[in-house]
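If you want the building blocks of each chain, they are given just below.
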Amino acid sequence: MLETTIAAIRAADEAAMAAARELQGRLTKPAGSLGALEELSVRLAGLAGVCPPPLPEPAAVAIFAGDHGVHAQGVSPWPQEVTAQMIGNFLAGGAVVNAFARQAGASVTVVDVGVATPLSAEPAAEPAVLDPAVPRLVVASVRRGTRDLTMTAALTRDEALAAVQTGIRIADELIDAGAGILLTGDMGIGNTTPAAVLIAAFTGADPLDTTGRGTGVDDPTYAHKVAVVRAALARHTPDPADPLGVLAAVGGLEHAALAGLILGAAARRTPVLLDGVIAVSAALAAAAFAPAAVGAMVAGHRSAEPGATVALRHLGLDPLIDLGLRLGEGTGALLALPVVTGAVRVLHEVATFDSAGVAEK
């Protein structure tokens, strides 16, 4: 599945991009007056291979959840059980991601790809795939959390591959159900530590620049967290030319599944709106598998986690909003969603100078 998905990923359609630029130049507005939205619309036309590209709707958030053996190293003040408890909160509609998804009319799919704590029973009635009113749970656990990456590889290659392929399957399922854009979400206590290792591994940046305070750690815990990231890199010396190996050695199950989601979206020429530091660390892996996959990525926001900026710079992506967010879940991507929709809607609905009878300068 991974090989066929990668083989299906193509570079942007240059003719569609040229048509979008030409259309932007004929719309009833000064050239360039919509700033970054104009280039975003061009990129989305290139991804779709048509101008104007389809409106990016309906939107589907996919939240991948997993736990981490490195939690035993004291990198987070939160107990590991919170991962499973937050899944219950997502399914009950009580999290920030649910509030923002309701505002955006987006569906929420929660995927247990590696939660350590057993989940409560599933809801009696399974909601429709893209039902914006009822969050949906998919149980696709590869294993109950990763191993401690400071002691051994977090995953085997087969486990990492299974998680990547889970992400691809979820992308296909959501797109087959009609989703016009996918939004990344994540949940996993301790997951900013493997994200920092992944970002350092793929970019070559120093761990001090890729490691943040996650859910809010004090100075001694932060210094310890940086040391843990350094130790993981020294133990595994991950090779960025082997993205599956990197994910296996130092990644999380949700990171690997998010990489698969991104690859699946790119193969289907569907935009994927990235959330925070977990998503962009996964995006680095996706880009290492298939460089052209970057064409499907839209950076929703700039996370307050420093590694996110490092990763976005490496990917050549500019975030749409910058609000100092560091929550995860998909919240920043949801806030950026209207910006993406607006960029495309301009190409569909704004009159040209000729059609509106407006004189040009």
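Residues numbered from 1 in each chain as written. Predicted model: local features only at pLDDT ≥ 70, side-chain atom pairs only at ≥ 80, totals over all residues. Heavy atoms only, no water.

Observations concerning the nonpolar core
Here is step 1: Among the nonpolar cores identified, the biggest contains 79 residues, and Leu182, Leu261 and Met297 are the most heavily contacted of them.
Here is step 2: Judged by nonpolar contacts, the second largest core, of 33 residues, contains Ile63, Leu137, Ile181 and Val340. (Core = buried A, V, L, I, M, F, W, Y, C linked by side-chain atoms within 4.5 Å. Buried < 20%, exposed > 50% of the residue type's maximum accessible area, 1.4 Å probe, protein only.)

Focus: the environment of Ala227
Here is step 1: Relative to the elements of secondary structure, Ala227 occurs in helix H9 (residues 219–236).
Here is step 2: In the structure, Ala227 is positioned 19 residues away from Leu208 in sequence and 8.9 Å away in space, judged by C-alpha atoms. (Helix = DSSP H or I, 4+ residues; strand = E, 2+ residues; numbered from the N terminus.)

Notes on the sheet that holds strand E6 (residues 297–299)
Here is step 1: Spatially, E3-E2-E1-E4-E5-E6 is the arrangement adopted by the six strands of the open sheet, whose pairing is parallel. Of all strands in the sheet, those bounded by a partner on one side alone are strand E3 (136–139) and E6. Averaged over all neighbouring strand pairs, the angle between strand axes comes to 30°, with direction disregarded.
Here is step 2: Examined bridge by bridge, strand E2 (residues 107–114) and E3 share four bridges and lie parallel to one another. By the bridge assignment for E3, Val110 is matched with Leu137. (Pairing = 2+ DSSP bridges. Axes fitted to C-alpha atoms, helices over the stretch in contact; angles between N-to-C directions.)

Side note on the packing of helix H6 (residues 157–176) against helix H10 (residues 243–250)
Here is step 1: Relative orientation of the contacting elements H6 and H10 amounts to 105°, with a least axis distance of 8 Å. When the axis of H6 is compared with that of H10, the two are roughly perpendicular. Residues Arg157, Ala160, Leu161 and Val164 of H6 pack against Leu244, Gly245, Leu247 and Ala248 of H10.
Here is step 2: Partitioning the contact of H6 with H10 into residue classes produces six nonpolar, one polar and one charged. (Parallel < 35°, antiparallel > 145°, perpendicular 65-115°, else oblique. Contact = heavy atoms within 4.5 Å. Nonpolar A, V, L, I, M, F, W, Y, C, P; charged D, E, K, R; others polar.)

Here's the deal with the packing of aromatic side chains
Here is step 1: Per the counting criterion, the structure on display carries zero aromatic pairs.
Here is step 2: Across the ring face of Tyr222, the terminal group of Arg213 is positioned such that the distance to the ring centre comes to 4.8 Å. (Phe/Tyr/Trp six-rings, centres within 6.5 Å; stacked < 30°, edge-to-face > 60°. Lys NZ or Arg CZ within 6 Å of the ring centre and 35° of its normal.)

Structural notes on helix H3 (residues 36–48)
Residues separated by three or four positions in an α-helix point in the same direction, a consequence of the helix having 3.6 residues per turn.
Here is step 1: Helix length check: H3, at 13 residues, gives a terminal C-alpha distance of 19 Å against a target of 18 Å (1.5 Å per residue), a fit within 8%.
Here is step 2: Of the positions making up H3, those classed as buried are Glu38, Leu40, Ser41, Val42, Leu44, Ala45, Gly46 and Leu47.
Here is step 3: Check the buried side of H3 and you find it contacts helix H2 (14–26), E6 and helix H14 (331–349). (Expected span 1.5 Å × (residues − 1).)

Describing helix H11 (residues 253–267)
Here is step 1: With 15 residues, H11 ought to run about 21 Å at 1.5 Å a step, and its terminal C-alpha atoms sit 21 Å apart, in line with that.
Here is step 2: Where burial is concerned, most of H11 is hidden: 15 out of the 15 residues are buried.
Here is step 3: Of the residues trailing H11, Arg269 is marked for its positive phi of about 55°.

Concerning the pattern of salt bridges
Here is step 1: Within the structure shown, the criterion is met by 14 salt bridges.
Here is step 2: For Asp242, the salt bridge identified is with Arg157, shortest N-O distance 2.9 Å. You can see Asp242 sitting in the loop between H9 and H10 and its partner Arg157 sitting in helix H6, a full 85 residues away along the chain.
Here is step 3: The class of Asp242 is partly exposed, set by a relative accessible area of 26%.
Here is step 4: Across the salt bridge formed by Arg213 and Asp219, the nearest N and O atoms sit 2.8 Å from each other.
Here is step 5: Look at Arg213 and you get partly exposed, because its relative accessible area is 34%.
Here is step 6: Through salt bridges with shared partners, a single ionic network connects Glu57, Arg345 and Glu349. (Salt bridge = Lys/Arg side-chain N within 4 Å of Asp/Glu carboxyl O.)

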